[in-house]
Amino acid sequence: MKFQIFLFYISIIVGIIGIMLGNRVNYRWYWLAIFSFYNFSYLTGFSRLLFLSIVWILLSLTIGHSLGLVTSFKKGVIASLLGLVLWVIFSLLIDDYWLFLPVQKIYNLLGLY
């Protein structure tokens, strides 16, 4: 149980650092934040889908930057809004079991959950 609490705090710290580095240095650091917040979202029991919105926003920003579509602040806001729309659609249509299946399988494989 203490190891999951450790992972919980490490995930939020690494996610925040990934967002800061993605803003300042290079957008590729968003991938670190995406995986960290996905793990953080899985570990939070009561507000899983709320923190999953951060993952969708970062994912849309990262894909937009990778394709060269996000070149200004205005386009970044549009990509963030698209990420929120995708989050709403996926959270309404897909069950939590399927949204968190990859990380659940990893934790089961490692014997953590």
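Conventions adopted
- Residues numbered from 1 in each chain as written.
- Predicted model: local features only at pLDDT ≥ 70, side-chain atom pairs only at ≥ 80, totals over all residues.
- Heavy atoms only, no water.
- Patch = residues over 30% accessible without salt bridge, like charges linked within 9 Å, V, L, I, M, F, W, Y side chains within 5 Å.
- Areas by Shrake-Rupley, 256 points an atom, 1.4 Å probe, with all protein chains shown as cover.
- Salt bridge = Lys/Arg side-chain N within 4 Å of Asp/Glu carboxyl O.
- Helix = DSSP H or I, 4+ residues; strand = E, 2+ residues; numbered from the N terminus.
- Core = buried A, V, L, I, M, F, W, Y, C linked by side-chain atoms within 4.5 Å.
- Buried < 20%, exposed > 50% of the residue type's maximum accessible area, 1.4 Å probe, protein only.
- Contact = heavy atoms within 4.5 Å.
- Polar contact = N/O pair within 3.5 Å; in protein donor to acceptor, adjacent residues only side chain to side chain.
- Arc of directions from axis to C-beta.
- Axes fitted to C-alpha atoms, helices over the stretch in contact; angles between N-to-C directions.
- Parallel < 35°, antiparallel > 145°, perpendicular 65-115°, else oblique.
- Left-handed = near helix turned anticlockwise from the far one by under 90°.
- Nonpolar A, V, L, I, M, F, W, Y, C, P; charged D, E, K, R; others polar.
- Phe/Tyr/Trp six-rings, centres within 6.5 Å; stacked < 30°, edge-to-face > 60°.

### Focus on a nonpolar patch on the surface
Line of reasoning, step 1. A cluster of nonpolar side chains, contributed by Met1, Ile5, Tyr9, Ile13, Ile16, Ile17 and Met20, occupies part of the molecular surface with about 740 Å² of accessible area.
Line of reasoning, step 2. Its place among the elements puts tyrosine 9 in helix α1 (residues 2–24).

### What to know about the nonpolar core
Line of reasoning, step 1. The biggest cluster of nonpolar side chains holds 22 residues, and the ones touching the most others in it are Leu52 and Phe100.
Line of reasoning, step 2. Taken together, the elements giving at least two residues each to this core come down to α2 (30–43), α3 (48–66), α4 (73–93) and α6 (101–110).
Line of reasoning, step 3. At eight residues, the largest contribution of residues to this core is made by α2.
Line of reasoning, step 4. Those residues within four positions of leucine 52 in sequence are excluded, and the remaining contacts are Tyr38, Ser41, Trp87, Leu99 and Phe100.

### Quick notes on the side chain of serine 53
Line of reasoning, step 1. With respect to the element layout, serine 53 can be found in helix α3.
Line of reasoning, step 2. By relative accessible area, serine 53 is classed as buried at 10%.
Line of reasoning, step 3. Polar contacts involving the side chain of serine 53 include one to the main-chain carbonyl oxygen of leucine 50, which spans 2.5 Å.
Line of reasoning, step 4. With residues near it in sequence (within four places) discarded, serine 53 still touches Leu84 and Trp87.

### So, α6
Line of reasoning, step 1. Buried residues of α6: Leu101, Val103 and Tyr107, and no others. The buried residues of α6 occupy one face: seen down the axis, they fall within an arc of 165°.
Line of reasoning, step 2. Residues of α6 that are buried sit in contact with α1, α2 and α5 (96–99).
Line of reasoning, step 3. Positive backbone phi, approximately 80°, marks glycine 111, located one or two places after α6.

### A word on the side chain of glutamine 4
Line of reasoning, step 1. For glutamine 4, the position within the fold is in helix α1.
Line of reasoning, step 2. Excluding residues that lie within four positions of it along the chain, glutamine 4 makes contacts with Leu43, Leu112 and Tyr113.

### Some details on the packing of α2 against α3
Line of reasoning, step 1. Axis separation between α2 and α3 bottoms out at 8 Å; the angle between their running directions is 165°. It follows that α2 is roughly antiparallel to α3 by the angle criterion. Both α2 and α3 take part in a crossing whose hand is left-handed. Side by side, α2 and α3 meet where Tyr30, Trp31, Ala33, Ile34, Phe37, Tyr38, Phe40, Ser41 and Tyr42 of the first sit next to Arg48, Phe51, Leu52, Ile54, Val55, Leu58, Leu59, Leu61, Thr62 and His65 of the second.
Line of reasoning, step 2. Residue composition of the contact of α2 with α3, grouped by class: 15 nonpolar, three polar and one charged.

### A closer look at the packing of aromatic side chains
Line of reasoning, step 1. Enumeration over the complete set of coordinates arrives at eleven aromatic pairs.
Line of reasoning, step 2. Consider the rings of phenylalanine 8 and phenylalanine 40, whose centres lie 4.8 Å apart with planes at 35°: the pair is tilted. Taken together, the residues phenylalanine 8 in helix α1 and phenylalanine 40 in helix α2 connect sequence positions 32 residues apart.
Line of reasoning, step 3. Phenylalanine 8 sits in the partly exposed class, given a relative accessible area of 24%.
Line of reasoning, step 4. Taking the relative accessible area as the measure of exposure, phenylalanine 40 reaches 5% and is therefore buried.
Line of reasoning, step 5. One aromatic cluster in this structure is built from Phe8, Tyr9, Phe37, Phe40 and Phe51.

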